[in-house]
Amino acid sequence: MARPVIHKTLQARMEAAREKSRCHYAKHKEDILQRWKNLHTCINKHDKEAEVLSKEISRAVKKALHEGDDEESEPDTDESSDDDEIDTLSSKLLAIKNTKDDMLKLIGADPCEFAKDELSKYVKSIPDDCKTKGDVSIIANLVAKIEKLLK
C-alpha cells in the first residue's frame, strides 16, 4: 500500500519544500558558506593567473611577429617577468611557428593523404615475390626530413 499524501495541493507541497530547504540551510549554513567562499576564491585565483599568463604570451607573440614597438603598450604591474624571459619565450614561439610552417610545406593540406602517398611509395617498392623487404630508405629519408625540421 502506498504512503498517504501529506500535502494535497501544489501550493502546500511547494511550501513544505521551502520549509525543508530553510531548515537544511539553517543547520548547515556555515558549511555551505565556507564551500561557496572556497570555490569562488579558487576560481578568482585561477582567473588572475590565466590573465597574467595570457598577457605574457600576447606580448611575446607581438614581439616575435615584430608587431609591437620597443615600448610595451600596457604597463606591467607584476615585476616578476624579465625581458630575458620574454626574449626566450618569443624566440621559442618564433621557432615553433617556423617549424609549423615548414611541416605544412612538407605535408600539405591533408596529413592523411601525405601519409598514404608516402606509404604507397614504400608498398610499391616491395617486390612481387615478397621474399625481400621494400626500400626502407623511403621511410628513413622521410623520418630524417621530419627530424631535421624538429631540430
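Further up the page is the structure itself.
From a predicted model like this one, the values you see are computed outputs, not experimental measurements. (Residues numbered from 1 in each chain as written. Predicted model: local features only at pLDDT ≥ 70, side-chain atom pairs only at ≥ 80, totals over all residues. Heavy atoms only, no water.)

S.K.: Would you mind going over the overall build of the protein chain in detail, with residue names and values included?
M.R.: The number of helices and strands found in the protein chain is 4 helices and 0 strands. Shown N-terminal to C-terminal, the secondary structure of the protein chain runs as helices and strands in the order α-α-α-α. The burial tally for the protein chain puts 8% of its 151 residues in the buried class. Partitioning the intrachain contacts of the protein chain with sequence separation of at least 6 by distance along the chain shows that 44% fall at a separation of at least 24. For the protein chain, the accessible area works out to roughly 13300 Å², and carbon and sulfur atoms hold 58% of it. (Helix = DSSP H or I, 4+ residues; strand = E, 2+ residues; numbered from the N terminus. Buried < 20%, exposed > 50% of the residue type's maximum accessible area, 1.4 Å probe, protein only. Contact = heavy atoms within 4.5 Å. Areas by Shrake-Rupley, 256 points an atom, 1.4 Å probe, with all protein chains shown as cover.)

S.K.: Explain the environment of N98 residue by residue, including any values.
M.R.: Among the structural elements, N98 can be located in helix 2 (residues 83-107). A residue is classified by how much of its surface remains accessible, and N98, at 37% relative accessible area, is partly exposed. For the pair N98 and L149, spaced 51 residues apart in sequence, the C-alpha separation works out to 9.1 Å.

S.K.: How would you summarise the packing of helix 3 (residues 111-125) against helix 4 (residues 137-150) if you had to cite specific residues and measurements?
M.R.: Where helix 3 contacts helix 4, the two axes come as close as 9 Å, and the packing angle between them is 150°. One finds that helix 3 runs roughly antiparallel with respect to helix 4. Counting all contacts with helix 3, which are made through F114, E118, L119, K121, Y122 and S125, the residues of helix 4 involved are I138, I139 and L142. Here the residues of the contact of helix 3 with helix 4 are counted per class, giving 6 nonpolar, 1 polar and 2 charged. (Axes fitted to C-alpha atoms, helices over the stretch in contact; angles between N-to-C directions. Parallel < 35°, antiparallel > 145°, perpendicular 65-115°, else oblique. Nonpolar A, V, L, I, M, F, W, Y, C, P; charged D, E, K, R; others polar.)

S.K.: How would you summarise the environment of D135 if you had to cite specific residues and measurements?
M.R.: With respect to the element layout, D135 can be found in the loop between helix 3 and helix 4. In this structure D135 comes out as partly exposed when scored by relative accessible area, which is 35%. Taking the C-alpha atoms as reference, D135 lies 9.0 Å from K124; in sequence the two are 11 residues apart. Setting aside residues no more than four positions away along its own chain, D135 makes contact with Y122 and S125.

S.K.: Let's hear about the pattern of salt bridges: which residues, and what values?
M.R.: Within the structure shown, the criterion is met by 6 salt bridges. In this structure, D101 and K97 form a salt bridge, with 3.1 Å as the shortest nitrogen-oxygen distance. Residue D101 and its partner K97 are both found in helix 2; the two are separated by 4 residues, about one turn of the helix. We classify D101 as partly exposed; its relative accessible area is 25%. Taken together, the shared-partner salt bridges connect E15, R18, E19 and R22 into one network. (Salt bridge = Lys/Arg side-chain N within 4 Å of Asp/Glu carboxyl O.)

S.K.: Help me get a handle on a nonpolar patch on the surface, residues and values and all.
M.R.: On the surface, L53, I57, V61 and L89 cluster together into a nonpolar patch covering about 290 Å² of accessible area. At 3 residues, the largest contribution of residues to the nonpolar patch is made by helix 1 (residues 10-64). Structurally, the position occupied by I57 is in helix 1. (Patch = residues over 30% accessible without salt bridge, like charges linked within 9 Å, V, L, I, M, F, W, Y side chains within 5 Å.)

S.K.: Report on the environment of L106, specifying residues and quantitative values.
M.R.: Following the sequence through the fold, L106 ends up in helix 2. For the pair formed by L106 and I146, sequence separation is 40 residues and the distance between their alpha carbons is 8.7 Å. Aside from chain neighbours lying at most four places away, what touches L106 is F114, K145, I146 and L149.

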